[in-house]
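Reading the structure
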Amino acid sequence: MKVRPSLIESSAIVGFFVLGVTLRVWHLDLEAVEHFDEGIYASVLWHDGTFNAPYPAREFYAPPMLSTLIEVGSLIPGIGPYAPFFPAAMMGSLSILALWWLARCWFGKAAGIFIAAVVALSDFHIIYSRMALTDVPCLFWIVGSVYFGTLALQTNSVRNAVIAGFVCGLAWWTKYTGWLPLAIIFSGGILWWIWVGRKSIGVMRVGVLFAAMLAAATLTFAPWWWHLQSVGGYSAVAANHASYMPGISAWTDHLSQQLTFQFWQDGTFGGISLGLGMVASGLFRWFSAARSTWNVNASNTLQSNLREDAGDTKTFFPPINVLLRFLVAGVAILILALRIWTPLMLVCLALGGFGGMYLWPVLRRSWDRAVVKDLSPTSADALPLAQGDLDSAATIDPALGLCTTLTWFVGMLVATPFYHPYGRLFFPLLASVWLAAAGGVSWWMESNLSVARRMIGTGEVPVRRPWTQSIVQGMLVAAVVTSFLRFDDEDQLDLVDAQEVFHSQLFQDRTSIVAAANEIADLCVLSARSEVVSVRSSVVPDGQTIFPESVLGTIESIQPPTQFLPDDRRRERLVVYAFGEPALLMHLANAGLTVSPVGHLNLQDPGGVTPAVPTFIVIGPNAKRTPGFWEMWLERTTQFESVGDVAYLPSEVTLLDLFKPKWLTLHPEARSQMLEVHRVR
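Residues numbered from 1 in each chain as written. Predicted model: local features only at pLDDT ≥ 70, side-chain atom pairs only at ≥ 80, totals over all residues. Heavy atoms only, no water.

Some remarks on the overall build of the protein
Rules: Every helix listed is a DSSP run of H or I at least four residues long, and every strand listed is a run of E at least two residues long, numbered separately from the N terminus. Type-normalised accessible area, obtained with a 1.4 Å probe on protein chains alone, sets the label of each residue: buried when under 20%, exposed when over 50%, and partly exposed for intermediate values.
When helices and strands are counted, the protein shows 30 helices and nine strands. Counting the 681 residues in the protein, one finds 53% classified as buried.

Quick look at the structure:
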């Protein structure tokens, strides 16, 4: 039975999509809002309903798109407990399809299959698709906007330009860097026009399309822009973001940290994705290039060039050795990615793609022929193309895709390290690496098929490999073999040990903060009832509580606090404040307490009187890292009485925003963070 290429593509995409969705929703019960920004965005679930006002300064963190989606998700039956993670999980899954379609249109169907595998199984993308953060949803809108923007340039369509601007506006409503598609499309489009685009579209028309995108994006974002006037305008937001940009002196250090995050959060699934993507796209491209047997006697040109009497000989194309080459490459990349690091392999594929697509534009030639349905041989003695070759080609000028990806990559590579090195800010740059790598894989496959087509057409045998190619192949074999070796010298780098340090955090239990919040709630209730003076405790990963670890104060005996129900806690007249811990506040509110964020420590009643209602404040790692906090604390330390300390274990993705990777590696004790509970005197 003849294998249909369309069946290979559809099966691969459906399979990768289902696998990607599964990994993003698997064991969501292990997830909890614990990151500072997660607490801000998820505050819509408790703060607005209680105080009828937005969380303080929420406008400075992000526009309201994510919070709105979280709130909507909480209304869907069965989604409620997972509402904070619903938007990122949903849009992270849809990003698999979005990037598949974009790569497919720019670089051909093989590129689409490859990138679908890479995105679906990316450990880094999966981790953040399971968190209540803006980065994954924003990336989805960015990809959509860039697609429609390049489609507008390709089709000379104002309508598509307006759609691109509208989708960019949605990205802007999600994150303040949502305007990035405009910069990507404008820079890529200008480079493309200078290179080849001017032959098909005038500069004035390009200007009209750019203006339509800008106008649509601005109008879409305008309502929120107007709302920001109440907090000082967009300039106040920009000034807040500028405070996270220390200048060019920190550029190299920030880039180093960003790359370290990639290695740290790399894992097994990412390495497997490269091999699966290469094999699946290779199978598709080989079968799509297949044709009915080619009768060499049907062509006088071919017959005259054959080195032997062909008679009724029929030549099959493509030869099996091309398929074997694709499969072996997939296995080699998989092994290297698993033994070294997936991000490193992706960058190598991306750089190879940039160089190859520019120096030998086989992808653009395939697109050109697909447009006019030209099946003629690419050279005098080559085999003609098959319909499958045309069907596999890009649908948007690959030169436009190359220019857009190149400016995207270079722009984000330069700009990203200027900002504070939060790992999640790497997503826009990572997307350009994915696209360039997919283009590189597609280009390599087309190049192999093009050479094979010419070799079979002329009846030639492959020439002996030059010594330089033999060296490169030898180095590849050596890399694969040595990747399994372990160095005995302690002074040398042990890649196996390195991977034990830089491991994936997929499905890491992040619920320690929930157990800690329940424990804090019980401490506050007992203190309000004057049943406990001071206690120090800790919460271990499975949520069990160890009491007491130490006792502060003079009391005869302290029994482990009773686990009160949320309804029991609601009946207590007390209030709990938290300085710089919005995620903890959410869980304290769920535990049944009356809570509120606070940005100061003046919590006594007027005149320095002890509050009539028992009042508590919780400080944690975020408060202790806030500039000026310790000065405020020393001024008012006598106004607080320690109730107890509760330790919890933040996930590594949260710890990496608190500490530098190298410091965290040298100080494993930092994996346990302390939440201090104090009562206002």
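Next comes the rest of the description.
Thoughts on helix α6 (residues 109-120)
Structural remark: α-helix, 3.6 residues per turn; residues separated by three or four positions point the same way. Note the cut-off: Every helix has an expected span of 1.5 Å times one less than the residues it contains.
With twelve residues, α6 ought to run about 16 Å at 1.5 Å a step, and its terminal C-alpha atoms sit 17 Å apart, in line with that. With twelve of its twelve residues buried, α6 lies for the most part within the structure.

Remarks on unusual backbone geometry
With the exception of glycine, the majority of residues adopt a negative phi angle, and the majority of peptide bonds are in the trans configuration. Here the phi dihedral of His27 falls at roughly 55°; this positive angle occurs in a residue that is not glycine. Mapped onto the fold, His27 is located in the loop between α1 (5-25) and α2 (36-42). Despite not being glycine, Phe507 shows a phi value in the positive range, around 60°. Of note, Phe507 is situated in the loop between α23 (495-501) and α24 (512-528).

Quick notes on the environment of Ala250
Looking at the secondary structure, you find Ala250 in the loop between α12 (234-242) and α13 (251-264). With 168 residues separating them along the chain, Ala250 and Phe418 place their C-alpha atoms 7.2 Å apart.

Quick word on the nonpolar core
The criterion, for reference: Definition of nonpolar core: a set of buried residues of the types Ala, Val, Leu, Ile, Met, Phe, Trp, Tyr and Cys, connected through side-chain atoms within 4.5 Å.
Judged by nonpolar contacts, the single largest core of 163 residues is most densely connected at Tyr128, Trp434, Ile520 and Val576. With 15 residues, the top contributor of residues to this core is helix α21 (residues 427-458).

Looking at the packing of helix α10 (residues 180-195) against helix α20 (residues 398-415)
Angle between the axes and distance between the axes are the two parameters that describe a pair of packed helices. Heads up, the rule is: Lines fitted to the C-alpha atoms define the axes, with helices restricted to the stretch that makes contact. Angles between their N-to-C directions range from 0 to 180 degrees. Angles below 35 degrees are treated as roughly parallel, those above 145 as roughly antiparallel, those between 65 and 115 as roughly perpendicular, and all remaining angles as oblique. Each crossing is labelled by how the near helix is turned from the far one, with a counterclockwise turn of less than a right angle marking it left-handed and a clockwise turn marking it right-handed. Whether two residues touch is decided by their heavy atoms; if any such pair falls within 4.5 Å, the residues are in contact. Polar here means any residue outside two lists: the nonpolar Ala, Val, Leu, Ile, Met, Phe, Trp, Tyr, Cys and Pro, and the charged Asp, Glu, Lys and Arg; Gly therefore counts as polar.
Viewed as axis vectors pointing N to C, α10 and α20 meet at an angle of 130°, and their least axial separation amounts to 8 Å. Comparing their axes, α20 and α10 come out oblique. The chirality of how α10 crosses α20 is right-handed. Along the contact surface, α10 presents Leu180, Ile184, Ser187, Gly188, Gly189, Leu191, Trp192 and Trp195, while α20 presents Ala399, Leu400, Leu402, Cys403, Thr404, Leu406, Thr407, Trp408 and Met412. Among the residues forming the contact of α10 with α20, the class breakdown is twelve nonpolar, five polar and no charged.

A word on the state of the cysteines
In plain terms, the rule: We call a pair of cysteine sulfur atoms a disulfide whenever their separation is within 2.5 Å.
Summed over the entire model, instances satisfying the criterion amount to zero disulfides. Cysteine Cys138 remains unbridged, with the sulfur of Cys168 as its closest cysteine sulfur at 8.8 Å.

Thoughts on the pattern of salt bridges
Test applied: Each reported salt bridge corresponds to a side-chain nitrogen of Lys or Arg within 4 Å of a carboxyl oxygen of Asp or Glu.
As enumerated under the stated definition, the model contains 21 salt bridges in all. Residue Asp135 pairs with Arg424 through a salt bridge whose shortest N-O separation is 3.5 Å. Of the two residues, Asp135 sits in helix α8 (residues 135-155) while Arg424 sits in the loop between α20 and α21, which places them 289 residues apart along the sequence. Judged by relative accessible area, which is 6%, Arg424 ranks as buried. Via salt bridges that share partners, Glu31, Glu34, Glu38, Arg130 and Arg510 belong to a single interconnected network.

Structural notes on the pairing of strand β5 (residues 575-579)
The test is simple: When DSSP locates at least two bridges between a pair of strands, those strands are taken to pair. Orient the strands so they point away from the viewer, and a crossover whose first-strand-to-second-strand path over the helix runs clockwise is right-handed.
For β5, a buried count of four out of five residues is recorded, marking the element as mostly surrounded by other parts of the structure. Relative to strand β6 (residues 594-597), β5 runs parallel, the two sharing four bridges. Looking at the pairing, Val576 lines up with Val595 of β6. For the handedness criterion, the β-α-β arrangement of β5, helix α26 (residues 582-590) and β6 is classed as right-handed. Of the pairings in the sheet, the one linking β5 to strand β7 (residues 615-619) comprises five bridges and is parallel in character. Bridge assignment links Val576 to a residue of β7, and that residue is Phe616.

Digging into the packing of aromatic side chains
Rules: Pairing of aromatic rings covers Phe, Tyr and Trp, the last counted by its six-membered ring, and requires centre-to-centre distances within 6.5 Å; plane angles under 30 degrees mean stacked, over 60 mean edge-to-face, and any other angle means tilted. Each ring is checked for a lysine NZ or an arginine CZ that lies within 6 Å of its centre and within 35 degrees of its normal; such an atom marks a charge sitting over the ring.
Applying the stated criterion across every chain, the model contains 31 aromatic pairs. Judged by centre distance (5.5 Å) and plane angle (50°), the ring pair of Phe354 and Phe409 falls under tilted. Pair noted here: Phe354 is in helix α17 (residues 342-359) and Phe409 is in helix α20, with a separation of 55 residues, a long-range link. The pair Phe354 / Phe409 is uniform in exposure class, with both members buried. One Lys or Arg, Arg424, reaches over the ring of Tyr422 and ends 4.7 Å from the middle of that ring. Directly above the ring of Phe659 sits Arg625, whose terminal nitrogen or CZ lies 5.4 Å from the centroid.

With respect to the packing of helix α16 (residues 320-339) against α17
One can describe the packing of α16 onto α17 by two numbers: an axis separation of 7 Å at closest approach and a directional angle of 135°. In this view, α16 runs oblique relative to α17, as classed from their interaxial angle. Counting all contacts with α16, which are made through Ile333, Leu336 and Ala337, the residues of α17 involved are Thr342, Met345 and Leu349. Each residue belonging to the contact of α16 with α17 can be placed in one class, and the counts come to five nonpolar, one polar and no charged.

As for the confidence of the model for the protein
Worth spelling out the cut-off: Per-residue confidence from the predictor is reported as pLDDT, a score between 0 and 100.
Chain-level pLDDT for the protein is 85 on average; 83% of the residues reach the 70-or-more range. A low-confidence stretch, residues 292-313 stays under pLDDT 50, and its non-local contacts, those more than four residues away or across chains, total 32 contacts.

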